[in-house]
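# Structure assessment
These are the residues of each chain, in order.
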Amino acid sequence: MIINTQSLVLLLLCLTGLVVACSSPQPNTQLQDKHPSQGDLGVKPLMCSDCHDAQDQAFSWEQFNHTAFFPTQHRLQANQHQQLCSMCHQRNFCSDCHATRVELKPSLKNQSETFRQMPHRGDYLSRHRIDARIDPTSCFRCHGNPQTAKNCVKCHG
Amino acid sequence: MHTCCGSYSRLLLRTIYAQALVLAIFSFSFAADFNVTSETLFRSFERDTKSGSDELVLPGYEYLKLDVDRITNQSLSFHAYGWVRHDFSDSSYYPEESDGELIYAYLEYAGPKHNQSLRLGRQHVFSGVANDALDGLSFTSDLGDLFSVSAYGGLPVGLADTAGQSGDVLWGGRLAHHYRSFYNIGLSYQKVDNDDSAVTSKVGIDSAFLLPMNVGLYGNSVRNMETEGWAEHVYWLHLLVGNFSIRPYYEMFEYDDYFDAGALSGGPFASLAHSGETLDSLGLDLSWQQSPDWTFGAKAKSYSYEVNETSNFLSLSATWSGDYLTRVGGELGKMKGDAADNDYLLVRLFFYLDHLADKLWVDFVSGDGLYTGYDQEIYGQDYAYFASLGAGKTFIDDALQIKLSADYSKDPYFDNDLRSMLTVTCRFGAGQ
């Protein structure tokens, strides 16, 4: 196996980085059970980075800012930092969307909560034929196994 | 298949009530925190069914959530959540008069250090390439300051309907390396067997890097080990510049690898697994918090394909935020591409007025309006309207909440569809 000089330098840099990382003191990342509620923080809605540094030693807080796009973009954040989500959201919060069988779509079950950006709002039955042609991967993510595809099978077979 | 959903629902109800009884005894015996949330929904609408047209349908739903914390000590807890539905009308709208689902029910041990968690029972696992419900065991823990690990295994709930759960196995795990907030890299693997034959096995890499100038680079890639091809690559940058949040991104999906789920490829997705299609998307999400009250957003996304014709989506939004959950806003979106039957215009206006108890009898009122205009007719109609109104009030220190909503739609599938819903939420327990 031939290792050229560039690969060797890169390997040494990675190893040096790992040694430095392992020997550096780490911030405490053991999270609290509960985050103060919005009522405790004031009457105005806040983003994470309004109180926390956008990036501090423990977390890159700006990536958790609940912008209007967060509901469709939280996969990685929830995946890598589930315990941070659970400081504010109860366990069943995720299950309105992420469950094996959801007979009532989230925007219907929580219809009066219009401030939440929820998928499939209103007349989605008509529009889904277009969105599914354009990007079926977004459908498959939630409707891709035999149980969750039951809603599709009624019409599509 | 569940051949007798009525019996299934009754069994489910009995199971939940039995668990509630056992845990109530537990909670009183060991001074645990016992919390129950009951959400009861009554809906009404009309549908054409096998037995006639404009038949009244009156489904009632019960969503029950149990949380028992500090069983015997601070670390042990039990959590369950499920729903049942019964149609109180004589319509034959639903295949079964009653139905239900146990969404999760697990015992959890949370260790005092290292973010340790051990869960036993029905649960939903989000871990790298996993986004699945299983009846089994999962474990997560930090390994020192620089590594964390998760592992899970059990019977996949999503495959229970295909010849039962015998021979079905789902297992996998994720190993992550992270250094402060500078980076977090995870390598995950998942394998699913159905009736003793492999359905899927995939590996994934998820990563988050903090670059100079407060720029974050995030993304994930998934490789289908059965087809030996990359199923998806999704990567984005996140920049905070003043009050602007900027997120440019790139997505790539290989349909043959993404949709191939072995023997389980079915329904509308089956043909996509052999389409030879590739979807490449470029997009930009922009959010501007102009003031504490006003937030503006813009979204642009282009879709290009190996086989299909391209499409582009653009939307603009504005939201005014008042006190608490009060919001008033709107969104305007347009999908436009080479295929006219994919083009539509979307307009949404909404409001949610919170903390009205001083001015009105109710605590909140909400409304939603949606218009969609289709460039090509769907079932002879090129538009759709949707409107909803809602109101709610809480009683007994928020332990009881009653919400009423009604919605109306006129669209290619339904003429003058009027529906209503009453939601009664009751919370009991020490944590409420």
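On a predicted model such as this, the values are computed, not experimentally measured, just so you know. (Residues numbered from 1 in each chain as written. Chains lettered and ligands numbered in written order. Predicted model: local features only at pLDDT ≥ 70, side-chain atom pairs only at ≥ 80, totals over all residues. Heavy atoms only, no water.)

Looking only at helices and strands, chain B features two helices and 23 strands. Within the span of chain B, comprising 432 residues, buried residues form 49% of the whole. Long-range contacts, defined here as pairs at least 24 residues apart, represent 43% of the contacts in chain B between residues at least 6 apart. (Helix = DSSP H or I, 4+ residues; strand = E, 2+ residues; numbered from the N terminus. Buried < 20%, exposed > 50% of the residue type's maximum accessible area, 1.4 Å probe, protein only. Contact = heavy atoms within 4.5 Å.)

Quick look at the interface of chain B and chain A now. Contact with chain B, which involves 120 residues of that partner, is made by 80 residues of chain A. Buried area between chain B and chain A, both sides added, is near 8,900 Å², and the carbon and sulfur share of it is 53%. Taken together, the links from chain B to chain A amount to ten salt bridges. With its nearest N and O atoms 3.9 Å apart, the salt bridge here joins Asp341(B) to Arg133(A). Linking chain B to chain A there are 36 residue pairs in polar contact (both at pLDDT 80 or more). Grouping the amino acids of the side of chain B that touches chain A by side-chain chemistry returns 57 nonpolar, 35 polar and 28 charged. (Buried area = accessible area lost by both parts, 1.4 Å probe. Salt bridge = Lys/Arg side-chain N within 4 Å of Asp/Glu carboxyl O. Polar contact = N/O pair within 3.5 Å; in protein donor to acceptor, adjacent residues only side chain to side chain. Nonpolar A, V, L, I, M, F, W, Y, C, P; charged D, E, K, R; others polar.)

So, about the pattern of salt bridges. When charged atoms on two side chains of opposite charge get close, those side chains can pair. Going through the model one piece at a time under the given rule, you end up with 30 salt bridges over all chains. One salt bridge connects Glu108(B) with Arg91(A), and the closest N-O pair in it is separated by 3.1 Å. Note that Glu108(B) is positioned in strand β5 (residues 98–110) and Arg91(A) in helix α6 (residues 91–95), a pairing that runs across two chains. The class for Arg91(A) is partly exposed, based on a relative accessible area of 34%. Residue Asp343(B) pairs with Lys336(B) through a salt bridge whose shortest N-O separation is 3.7 Å.

All names here are of chain B. Sheet topology places strand β17 (residues 311–321) next to strand β18 (residues 327–337); eleven bridges connect them, and they run antiparallel. Its bridge partner lying in β18, Ser315 is registered against Gly333. With antiparallel pairing between neighbouring strands as the criterion, β17 and β18 make up a hairpin whose turn holds five residues, including Tyr324 at a positive phi of roughly 55°. Relative to strand β19 (residues 344–353), β18 runs antiparallel, the two being bridged by nine bridges. (Pairing = 2+ DSSP bridges.)

Successive side chains on a regular strand alternate, one facing one side of the sheet and the next facing the other. Residues and elements named next belong to chain B. In β17, alternate side chains face the same way, and those of Ser311, Phe313, Ser315, Ser317, Thr319 and Ser321 are buried while those of Asn312, Leu314, Leu316, Ala318 and Trp320 on the opposite face are not. Note that strand β16 (residues 294–305) and β17 share ten bridges and pair antiparallel. Residue Thr295 lies in a different strand from β17, and its bridge partner there is Thr319. From the end of β16 to the start of β17, which pair antiparallel, there are five residues.

Residue and element names in this part refer to chain A. Under the defined criterion, the tally for this structure stands at zero disulfides over all chains. Not engaged in a disulfide, the cysteine Cys48 finds its nearest cysteine sulfur in Cys88; these two sulfurs lie 7.6 Å apart. Cys48 gets classed as partly exposed once you look at its relative accessible area, which sits at 22%. (Disulfide = S-S within 2.5 Å.)

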